[in-house]
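Each chain, written out:
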Amino acid sequence: MFTGIISGIGRILEVTPLGDSVAHGRRLLIEAPAGYLDDVQLGDSIALNGACMTVTSFDAGTARFTIDISAESLAKTAGLDAPGWVNLEKALRASDRLGGHLVSGHVDGLGTVTHFARVGESWELRVLVPAELARFLAYKGSVTVNGVSLTVNRVNDRPDGAEISINLIPHTVEHTTLGRLTPGARVNLEIDLIARYVERMLAAGQPAGG
């Protein structure tokens, strides 16, 4: 489990195929901030842009580690198939503060940035969410965008889904990769766990075929 509070910005340095067909995944070599891996062990979970991954090797001295990502995960995520910057978060400890909201590290779908602009001292981010996830989003509800726990300020329902508006404070822009987003960019989305369970309970109470 995670909280959506990013603990560092990493950089994918190399993407190496694990086989010679599209059915094979990739091995990623990631560079983390200095000292980031001091308390990491093999098999630990680290979320990359909101996707939970397992550390397969690491070198604390160079702050570099590797993860293996399957072809299926590559097809269902954004920003993990090529060198570039990624948000990092280590798995939640039982004694940690829950600063954001409960995040599983499982990407539910991909959104598309429709607008990103400064408004006063903050930035407004708008993301088009696919129709299958739109029903889980609500005003003042939580959503995870590229691993960052955020609050929805507005939901505009559309035939192709819903456009959500989010306010980003300067700290979030400076300490995550969200400040690098541009219109048209694809982002990883994870819906709120509570919304997921509420939807399931309501669906279970409906008559068959209803």
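Structure: above.
These remarks concern the structure in this document. Just so it is clear, the structure is predicted and the values come from calculations on it, not from any experiment.

1. A word on the overall build of the chain
Working step 1: Per the secondary structure count, the chain includes four helices and twelve strands.
Working step 2: The C-alpha atoms of the chain give a radius of gyration of 18 Å, which matches the 17 Å a tight globule of 210 residues would have.
Working step 3: C-alpha atoms of the chain, sized along the principal axes, occupy 55 × 50 × 40 Å.
Working step 4: When burial is assessed residue by residue, the chain has 42% of its 210 residues classed as buried.
Working step 5: Of the roughly 10,900 Å² of accessible surface on the chain, 52% is carried by carbon and sulfur atoms.
Working step 6: Distance from the positive charge centre (18 side chains) to the negative charge centre (23 side chains) of the chain: 3 Å.

2. Things to note about the pattern of salt bridges
Working step 1: Scanning the entire structure with this criterion turns up ten salt bridges.
Working step 2: The closest approach of N and O atoms between Glu 31 and Arg 11, which form a salt bridge, is 3.1 Å. One end of the pair, Glu 31, is in strand β2 (residues 26-31); the other, Arg 11, is in strand β1 (residues 8-17), with 20 residues separating them in the sequence.
Working step 3: For Glu 31, a relative accessible area of 24% puts it in the partly exposed group.
Working step 4: Linking Asp 160 and Arg 158 is a salt bridge whose minimum nitrogen-to-oxygen distance equals 3.1 Å.

3. Looking at the pairing of strand β12 (residues 186-191)
Working step 1: With five of its six residues buried, β12 lies for the most part within the structure.
Working step 2: Here strand β7 (residues 109-119) pairs with β12 via four bridges, running antiparallel. What sits directly across from Thr 112, in β12, is Arg 186.

4. Digging into empty space enclosed by the protein
Working step 1: A full pass over the atoms with the stated rule returns one cavity of 30 Å³ or more.
Working step 2: Empty space within the largest cavity amounts to approximately 30 Å³.
Working step 3: Lining the largest cavity are Phe 2, Gly 4, Ala 47, Gly 50, Glu 89, Val 103, Gly 105 and Gly 147.
Working step 4: For the lining of the largest cavity, the per-class residue count stands at three nonpolar, four polar and one charged.

5. Digging into the sheet that holds β12
Working step 1: Strand order in the closed barrel made by the six strands is β7-β8-β11-β10-β9-β12, with antiparallel pairing throughout. Along the sheet, successive strands turn relative to each other by an average axial angle of 45 degrees, direction set aside.
Working step 2: When strand β8 (residues 122-130) meets strand β11 (residues 161-168), the two strands line up antiparallel, connected through eight bridges. Looking at the pairing, Pro 130 lines up with Gly 161 of β11.

6. A word on the side chain of Thr 177
Working step 1: Within the secondary structure, Thr 177 sits in the loop between α3 (170-175) and β12.
Working step 2: Excluding its chain neighbours within four sequence positions, the residues that come into contact with Thr 177 are Ile 9, Asn 49, Trp 85, Val 86 and Asn 87.

7. Focus on the packing of aromatic side chains
Working step 1: Applying the stated criterion across every chain yields a total of zero aromatic pairs.
Working step 2: One residue, Arg 11, lies across the ring of Trp 85, its end atom 5.4 Å from the ring centre.
Working step 3: Sitting above the plane of the Tyr 36 ring, Lys 90 keeps its charged end 4.3 Å from the centroid.

8. Thoughts on the sheet that holds strand β3 (residues 45-48)
Working step 1: Strand order in the closed barrel formed by six strands is β1-β2-β5-β4-β3-β6, and the pairing between neighbours is antiparallel. Going from strand to strand, the sheet's axes swing by 45 degrees on average, the running direction of each strand aside.
Working step 2: Pairing geometry for β1 and strand β6 (residues 84-90), over five bridges, is antiparallel. Bridge pairing in β6 places Ile 12 opposite Gly 84.

Criteria and cut-off values
Residues numbered from 1 in each chain as written. Predicted model: local features only at pLDDT ≥ 70, side-chain atom pairs only at ≥ 80, totals over all residues. Heavy atoms only, no water. Helix = DSSP H or I, 4+ residues; strand = E, 2+ residues; numbered from the N terminus. Rg over C-alpha atoms; globule rule 2.2 N^0.38 Å. Buried < 20%, exposed > 50% of the residue type's maximum accessible area, 1.4 Å probe, protein only. Areas by Shrake-Rupley, 256 points an atom, 1.4 Å probe, with all protein chains shown as cover. Lys, Arg positive; Asp, Glu negative; His and termini not counted. Charge placed at Lys NZ, Arg CZ, Asp CG, Glu CD. Salt bridge = Lys/Arg side-chain N within 4 Å of Asp/Glu carboxyl O. Pairing = 2+ DSSP bridges. 1 Å grid on protein atoms, 1.4 Å probe; cavity = no way out; pocket = protein on both sides within 12 Å on 5 of 7 lines; lining within 4 Å. Points joined across faces, edges and corners; volume = space filled by probe spheres on them. Nonpolar A, V, L, I, M, F, W, Y, C, P; charged D, E, K, R; others polar. Axes fitted to C-alpha atoms, helices over the stretch in contact; angles between N-to-C directions. Contact = heavy atoms within 4.5 Å. Phe/Tyr/Trp six-rings, centres within 6.5 Å; stacked < 30°, edge-to-face > 60°. Lys NZ or Arg CZ within 6 Å of the ring centre and 35° of its normal.

Don't take any of this as a statement about function, it's just geometry.
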